[in-house]
Amino acid sequence: MLNDKVVVPDKTIALFVLPENKNEGLTKERLTNIVKKSPKKREWFTPHFYRCLPLTIGNQYGYVITSEFDFSVEWNGGPEPSDLKIGLVNPEEEYKMFFPRIESHFGSGILTVNPPFTLRTPPGVNLMTLNPPNYVIPNITVMTGVVETDNLRRNFTFNLKVQIPNIQVIFPKGSPLAAFIPVPRYYSDKFSLKFADDIFDQEVLEEESKAAKDADIKRNTIETNLPNGVGKSYFRGEDVYGNRFKDHQRP
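These remarks concern the structure in this document. These numbers were taken from a predicted model, which means no experiment stands behind them.

1. Things to note about the overall build of the chain
Here comes step 1: Counting its secondary structure elements, the chain contains five helices and 14 strands.
Here comes step 2: Over its C-alpha atoms the chain spans a radius of gyration of 23 Å, topping by over 25% the 18 Å that the globule rule assigns to 251 residues.
Here comes step 3: Counting every position in the chain, which comprises 251 residues, the buried fraction comes to 36%.
Here comes step 4: Of the contacts made within the chain by residues no fewer than 6 positions apart, 67% connect residues no fewer than 24 positions apart.
Here comes step 5: As presented, the chain carries roughly 15,900 Å² of accessible surface, and 56% of it is formed by carbon and sulfur atoms.

Written out as structure tokens, the structure reads:
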């Protein structure tokens, strides 16, 4: 029977420390360094990237899981868990003292990250695991999973797939390993892809076609480098003709 007393408030993700980790110095301060809101900045971004509103907002979506220690992994291409080698400077010390735990559990070149906590969400809200937004982890694909965290009463793992065998991947201390974002259950399932001419009349189709063409013309002229360029119009929340968006998100 589900615990009906654990109803997480709306727009909240509740973090429960696992019992076995409570006596290991896992303070709230440490936890805020292990799991945190995805930040705005990226080390590899130049100032030009921050002028792109979709990228800047995308950086800040969800939460990231980071490592408290340095480690490396290398996969020989085999299917067994033992085919993935995990390198630690001081294995015993780090496994006892630092988080999140890491292991080769599933095989097939998959690194499993075990966080020291469980996450619970409001009713009807899942958590989706994914790559940390706009962080580049060479030779690694973070596997996407969708978890019913309003129902699940235990922790879940984050799994990273090594892409190419026989290439060592190094994870420095503090590097993001994986991320998660809340998504309403069934939300994306309710959408369907339809051709615009099956939805709108000819007048609307022609207006949208003209707007797209005019934006393309503007993008490929000298105006792109001026304050009224297409990119800056989007940043301000305006269409190609200067009409204001009804709802516009800024970083």
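2. Here's the deal with unusual backbone geometry
Here comes step 1: Residue P100 follows F99 across a cis peptide bond; omega there is -10°.
Here comes step 2: Structurally, P100 can be placed in the loop between α3 (91–97) and β6 (101–103).
Here comes step 3: Of note, K11 is a non-glycine position whose phi angle comes to about 60°, a positive value.
Here comes step 4: Within the secondary structure, K11 sits in the segment before β1 (14–17).
Here comes step 5: Residue class for K11 comes out exposed when judged on its relative accessible area of 79%.
Here comes step 6: Unlike most non-glycine residues, N166 shows phi in positive territory, near 65°.
Here comes step 7: As for its placement among the helices and strands, N166 is situated in the loop between β12 (158–162) and β13 (169–171).

3. Points about the sheet that holds β13
Sheet strands pair via backbone hydrogen bonds, and the direction of the pair is either parallel or antiparallel.
Here comes step 1: Pairing is antiparallel in the open sheet, where three strands are placed in the order β5-β4-β13. The outermost strands of the open sheet, each flanked by one partner alone, are β5 (84–88) and β13. Neighbouring strand axes in the sheet, compared pairwise and without regard to direction, differ in orientation by 20° on average.
Here comes step 2: In this structure, strand β4 (residues 71–75) lies alongside β13, joined through three bridges in antiparallel fashion. From the neighbouring strand, V73 faces β13, where its bridge partner is V169.

4. A look at the environment of V64
Here comes step 1: Tracing the sequence through the fold places V64 in strand β3 (residues 63–66).
Here comes step 2: Separated by 116 residues in sequence, V64 and F180 place their C-alpha atoms 6.6 Å apart.
Here comes step 3: Apart from residues lying up to four places away in sequence, V64 is in contact with I34, V35, K36, S38, P132, P133, Y135, P176, A178 and A179.

5. Focus: the nonpolar core
Here comes step 1: Counting residues in each nonpolar core, the largest one holds 32 residues, and the members touching the most others are F71, V73, L111, L160 and F171.
Here comes step 2: Other than its neighbours up to four places away in sequence, L160 contacts G109, I110, L111, V113, I140, T141, V142, F171, L177 and A178.

6. Re helix α4 (residues 202–219)
Here comes step 1: Over its 18 residues, α4 runs 26 Å from end to end, which matches the ideal 26 Å to within 8%, given 1.5 Å per residue.
Here comes step 2: Every buried residue belonging to α4 is among A211, A215 and K218, and all of these are buried. For α4, the angular spread of the buried residues around the axis is 65°, confining them to a single face. Across from the buried face of α4, at angles greater than 90 degrees, the exposed residues are K210 and K213.
Here comes step 3: With a side-chain oxygen lying 3.2 Å from the backbone nitrogen of E203, the N-terminal cap of α4 falls on D201.

7. Remarks on a negative patch on the surface
Here comes step 1: Residues D201, E203, E206, E207 and E208 make up a contiguous surface patch of negative charge.
Here comes step 2: Relative to the elements of secondary structure, E206 occurs in helix α4.

8. A look at the environment of P39
Here comes step 1: Tracing the backbone through its elements, the reader meets P39 in the loop between β2 (35–37) and α2 (53–59).
Here comes step 2: The partly exposed category is assigned to P39, whose relative accessible area is 31%.
Here comes step 3: Through-space distance from the C-alpha of P39 to that of T144 is 20 Å; in sequence the pair is 105 residues apart.
Here comes step 4: Not counting residues within four places of it along the chain, the set of residues in contact with P39 comprises N59, Q60 and Y135.

9. Overview of the packing of aromatic side chains
Here comes step 1: For the structure on display, the rule yields 11 aromatic pairs.
Here comes step 2: Geometrically, the ring pair formed by F156 and F158 is tilted, given 5.3 Å between the ring centres and 45° between the ring planes.
Here comes step 3: Its relative accessible area of 9% is what places F156 among the buried residues.
Here comes step 4: Looking at F158, the relative accessible area reads 1%, which means it is buried.
Here comes step 5: Chaining the aromatic ring pairs together yields one cluster made of W44, F45, F49 and Y50.
Here comes step 6: Sitting over the face of the ring of Y63, K37 holds its NZ or CZ atom 5.5 Å from the ring centroid.

Reading the values: the criteria
- Residues numbered from 1 in each chain as written.
- Predicted model: local features only at pLDDT ≥ 70, side-chain atom pairs only at ≥ 80, totals over all residues.
- Heavy atoms only, no water.
- Helix = DSSP H or I, 4+ residues; strand = E, 2+ residues; numbered from the N terminus.
- Rg over C-alpha atoms; globule rule 2.2 N^0.38 Å.
- Buried < 20%, exposed > 50% of the residue type's maximum accessible area, 1.4 Å probe, protein only.
- Contact = heavy atoms within 4.5 Å.
- Areas by Shrake-Rupley, 256 points an atom, 1.4 Å probe, with all protein chains shown as cover.
- Pairing = 2+ DSSP bridges.
- Axes fitted to C-alpha atoms, helices over the stretch in contact; angles between N-to-C directions.
- Core = buried A, V, L, I, M, F, W, Y, C linked by side-chain atoms within 4.5 Å.
- Expected span 1.5 Å × (residues − 1).
- Arc of directions from axis to C-beta.
- Polar contact = N/O pair within 3.5 Å; in protein donor to acceptor, adjacent residues only side chain to side chain.
- Patch = residues over 30% accessible without salt bridge, like charges linked within 9 Å, V, L, I, M, F, W, Y side chains within 5 Å.
- Salt bridge = Lys/Arg side-chain N within 4 Å of Asp/Glu carboxyl O.
- Lys, Arg positive; Asp, Glu negative; His and termini not counted.
- Charge placed at Lys NZ, Arg CZ, Asp CG, Glu CD.
- Phe/Tyr/Trp six-rings, centres within 6.5 Å; stacked < 30°, edge-to-face > 60°.
- Lys NZ or Arg CZ within 6 Å of the ring centre and 35° of its normal.

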